[in-house]
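Coordinates in review
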Amino acid sequence: MVLEQVKAKAIRWLEDNRGLVIVFFCLPASFLFDIFIQFRIWLDRKLAVTTSHKQRVQKIQDQVTEWSKLPASQKKPLCTARPNWLSLSTTFFDKKKCHQVPIDLHDVLSLDEQNLTVTVEPNVTVREICKYLIPKGYTLAVTLEIGDATLGGLAFGVGMTTYSHKVGLYQEAIVSYEVVTADGKVITVTDSNEHSDLYYCLPWSHGTLGFLVGLTLKIVKVKPYVHMQYIPCHSQDEYCNKIMQLSGATNKDTKVADYLEVTIYDKDEAVIMVGNFADVDRTSRAKINDVCWFYKPWFYRHVETFLKKGGEEYIPLESYLLRHNRAIFWVLESMIPFGNHPVFRAFLGWLCPPKPAFLKFTTTQAVREMTFAKQVFQDIVMPLDTLKEQVDTAVKLFDTYPLLVYPCRIYDHKGGAPQGQLRAPPKSRLVPGTNYSMFNDLGVYGTPGPVERREPYNPTYAMRAMEKFTRDVGGYSFLYADIFMSEEEFNEMFDMTLYNQVRTKYHCDGAFPRLYDKVKPEIDVIAIGETYAVKKDE
Ligand SMILES: Cc1cc2nc3c(=O)[nH]c(=O)nc-3n(C[C@H](O)[C@H](O)[C@H](O)COP(=O)(O)OP(=O)(O)OC[C@H]3O[C@@H](n4cnc5c(N)ncnc54)[C@H](O)[C@@H]3O)c2cc1C
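These numbers were taken from a predicted model, which means no experiment stands behind them.

**A word on the overall build of the protein**
Per the secondary structure count, the protein includes 21 helices and 16 strands. Each principal axis of the C-alpha atoms in the protein carries an extent, and together these give about 65 × 65 × 50 Å. Among the 538 residues that make up the protein, the fraction classed as buried is 56%. Summarising the internal contacts of the protein: among those between residues at least 6 apart in sequence, 75% fall at separations of at least 24. Working note: accessible area of the protein is about 23400 Å², and carbon and sulfur atoms make up 57% of it. Across the protein, the centroid of the 62 positively charged side chains sits 3 Å from that of the 63 negatively charged ones.

**What about the domain arrangement of the protein?**
According to the domain assignment, the protein contains domain 1 (99-221) and domain 2 (225-326). Using C-alpha coordinates to define each centre, domain 1 is positioned 27 Å away from domain 2. Counting residues at the interface gives 16 residues for domain 1, matched by 16 residues for domain 2. In this structure, Arg323 engages Glu145 in a salt bridge whose closest nitrogen and oxygen atoms are separated by 3.0 Å. The interface formed by domain 1 and domain 2 includes seven residue pairs in polar contact (both at pLDDT 80 or more).

**A few points about the packing of helix H8 (residues 236-246) against helix H15 (residues 387-398)**
Where H8 meets H15, the axes come as close as 9 Å, and the angle between the chain directions of the two elements is 135 degrees. When the axes of H8 and H15 are compared, the pair comes out oblique. When H8 is examined against H15, the residues Gln236, Asp237, Tyr239, Cys240 and Ile243 are found in contact with a partner set consisting of Leu387, Lys388, Val391 and Asp392. Looking at side-chain class alone, the contact of H8 with H15 contains five nonpolar, one polar and three charged residues.

**Description of the side chain of His206**
Following the sequence through the fold, His206 ends up in the loop between helix H7 (196-201) and strand S8 (211-221). Using a relative accessible area of 19% as the deciding quantity, one classes His206 as buried. In this structure, His206 is in contact with Phe156, Gly157, Leu479, Tyr480, Leu515, Lys518 and Val519, ignoring residues within four places of it in sequence.

**Quick look at the site of the ligand**
As a matter of local geometry, the ligand sits amid 28 residues, with Arg82, Ser87, Leu88, Thr150 and Met160 nearest to it. For the ligand, an oxygen atom lies 2.7 Å from a polar atom in the side chain of Ser87. One of the side-chain nitrogen or oxygen atoms of Tyr445 is found 3.4 Å away from a nitrogen atom of the ligand. When the ligand is considered free in solution it has 960 Å² of accessible area, and contact with the protein chains removes 94% of it. Those elements that place two or more of their residues in the shell around the ligand are helix H5 (151-156), S8 and strand S15 (436-446). With three residues, H5 is the largest single contributor of residues to the shell around the ligand. Along the lines of polarity and charge, the residues of the shell around the ligand split into 16 nonpolar, eight polar and four charged.

**Thoughts on the nonpolar core**
Leu151, Tyr177, Trp204, Leu215 and Phe490 are the most contacted members of the largest nonpolar core, which has 123 residues in total. The greatest single-element share of this core, amounting to seven residues, is contributed by S8. Mapping this core onto the domain boundaries places at least three of its residues in each of domain 1 (99-221) and domain 2 (225-326). Judged by nonpolar contacts, the second largest core, of 45 residues, contains Cys240, Ile264, Ala373 and Phe484.

**Some points on helix H14 (residues 365-374)**
Turning to H14, its buried residues are Arg368, Glu369, Phe372 and Ala373. The arc enclosing the buried residues of H14, seen along the axis, measures out at 120 degrees, which places them on a common side.

**Thoughts on the packing of H15 against helix H17 (residues 459-472)**
As a packed pair, H15 and H17 sit with axes 9 Å apart at the nearest point and diverge in direction by 170 degrees. Classed by the angle they form, the pair H15 and H17 counts as roughly antiparallel. Counting all contacts with H15, which are made through Glu389, Gln390, Thr393, Ala394, Leu397 and Phe398, the residues of H17 involved are Tyr461, Ala462, Met463, Ala465, Met466 and Phe469. Per-class residue counts for the contact of H15 with H17 are nine nonpolar, two polar and one charged.

**Some details on the sheet that holds strand S11 (residues 269-278)**
Ordered by their spatial adjacency, eight strands build an open sheet running S12-S9-S11-S10-S14-S15-S13-S16, and the pairing between neighbours is antiparallel. Both edges of this open sheet fall to strand S12 (311-316) and strand S16 (476-477), since each of them pairs with a single strand only. Along the sheet face, H15 touches strand S10 (259-266), strand S13 (376-383), strand S14 (403-411) and S15 and points at about 20 degrees away from the line of S15.

Rules of the game
Residues numbered from 1 in each chain as written. Predicted model: local features only at pLDDT ≥ 70, side-chain atom pairs only at ≥ 80, totals over all residues. Heavy atoms only, no water. Helix = DSSP H or I, 4+ residues; strand = E, 2+ residues; numbered from the N terminus. Buried < 20%, exposed > 50% of the residue type's maximum accessible area, 1.4 Å probe, protein only. Contact = heavy atoms within 4.5 Å. Areas by Shrake-Rupley, 256 points an atom, 1.4 Å probe, with all protein chains shown as cover. Lys, Arg positive; Asp, Glu negative; His and termini not counted. Charge placed at Lys NZ, Arg CZ, Asp CG, Glu CD. Domains from an automatic or database assignment. Salt bridge = Lys/Arg side-chain N within 4 Å of Asp/Glu carboxyl O. Polar contact = N/O pair within 3.5 Å; in protein donor to acceptor, adjacent residues only side chain to side chain. Axes fitted to C-alpha atoms, helices over the stretch in contact; angles between N-to-C directions. Parallel < 35°, antiparallel > 145°, perpendicular 65-115°, else oblique. Nonpolar A, V, L, I, M, F, W, Y, C, P; charged D, E, K, R; others polar. Near = heavy atom within 4 Å. Core = buried A, V, L, I, M, F, W, Y, C linked by side-chain atoms within 4.5 Å. Arc of directions from axis to C-beta. Pairing = 2+ DSSP bridges.

Written out as structure tokens, the structure is:
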């Protein structure tokens with residue numbers, strides 16, 4: 001009893017002072033951890049330089065062939081040997097249950113400036129591809145604002161950026177996948193060859209259909225800066241209507257900006273960001289703002305200042321693309337509440353953000369349970385014309401701000417027929433005269449209001465209600481985050497028709513885990529959520 005009380009008090013102290021714990025322990029440890037990880041990756045690459053891409057892929061094929069010769073009783077499903085803690089996913093898939101195959105593929109393979117594509121190995125990160133492409137005058141058509149995300153992880157999970165209102169999800173910018181199948185064969189998968197069924201199922205498949213060993217991605221020509229225009233909005237109708245117009249959701253001929261994003265600071269307060277590639281002449285140099293410098297305010301806090309009066313500025317392209325990296329969107333605020341203070345930024349800002357890999361590496365079972373029960377991390381794709389209801393529902397259930405909105409096209413590629421895990425949008429929702437509908441990512445990250453105020457909060461109820469709303473409007477939950485759906489509900493949200501056919505055709509049953517089993521949280525989130533709801537006043 002006494003022990004329980006002491007434990008509860010200790011947990012409460014840690015919760016109240018988590019900023020100090022993170023600053024004095026996590027930040028320095030994460031810094032050293034990162035040096036070690038970078039050294040390991042550098043060493044892996046140095047060793048890999050002595051081999052060609054083909055030889056490295058052959059090594060993976062050999063391991064799959066070896067696995068196939070194992071007696072049935074010893075055959076565990078296949079997965080990559082990449083440690084869980086290196087992945088940005090909030091879940092911890094139990095890799096011990098699987099036969100792990102190392103995928104040591106970290107190289108940029110070629111750049112095709114004529115056809116505007118780049119070919120890479122799957123472990124190249126967003127930061128690395130930015131460093132490679134931007135000096136040459138290009139960037140990926142779709143990327144992510146987190147430098148540590150891998151191009152392969154985005155391909156088999158999901159990727160979306162502020163360019164997605166022009167081209168759609170990351171998967172729309174993939175020209176071809178190079179995949180090692182369950183039979184140990186290496187195949188090139190495009191939308192028009194004999195593997196086109198697989199092409200449509202690989203996105204959102206999370207490594208349950210094969211090993212990704214190469215990827216050809218579309219790139220776009222860029223200019224050195226992004227001209228940003230910040231448009232303040234003071235009512236829900238205003239930002240919902242404006243974003244429909246600016247994204248081209250109402251008229252396909254609208255001249256849309258290169259980058260488009262909304263950050264919602266309160267139900268009726270939002271800033272729309274409109275960005276366009278730009279050169280900067282002498283007269284405009286004073287308007288350059290490199291938002292990624294460690295001493296600068298966190299990006300979303302900087303944007304908030306434009307609520308009073310709009311404005312404009314120029315951001316160097318690489319800094320624009322990684323603008324949310326330093327505060328991990330706004331997740332860092334719940335870890336270091338004073339992290340955006342100028343004094344903190346000046347002295348310790350360069351240590352931020354703590355490495356997601358380090359945070360995951362040091363996550364104990366108790367921290368894992370507390371994190372999902374007392375915080376929310378969700379990215380959800382829903383039709384843009386339901387934005388008002390999305391915001392109302394998210395606010396009612398989680399009461400946390402800011403909220404992130406990225407408009408994004410979702411295509412009907414096959415005239416309504418099964419086209420992978422995402423269904424074709426209903427005809428009534430297509431932008432007139434096109435084969436796409438405008439959806440958006442709603443990003444909800446942070447500590448729910450009731451948790452902050454120490455009021456009753458039931459994560460299980462909130463998450464399941466959000467998922468139900470998502471299914472009702474024909475949307476999809478990103479599968480890097482914890483899901484609370486039963487398998488039946490999951491199969492209602494995602495279209496598994498083609499996926500199941502592809503699994504049979506490519507002999508995946510018994511070779512790779514099924515999608516639901518791969519992405520469902522490794523802990524019983526429903527039961528734990530209910531337990532934490534009971535413990536609300538501790
Ligand atoms: C705070 C936060 C905000 C986010 N915001 C966004 C956002 O705005 N937009 C967005 O698109 N995403 C967002 N994400 C999610 C992020 O895009 C995904 O987690 C993405 O998958 C990250 O890549 P990763 O390199 O960590 O992938 P991983 O998690 O390593 O990989 C994704 C899946 O693919 C499998 N896989 C990876 N490589 C291979 C391979 N070579 N062969 C077979 N299987 C493989 C993995 O096993 C895993 O199941 C956000 C994440 C966080 C934490």
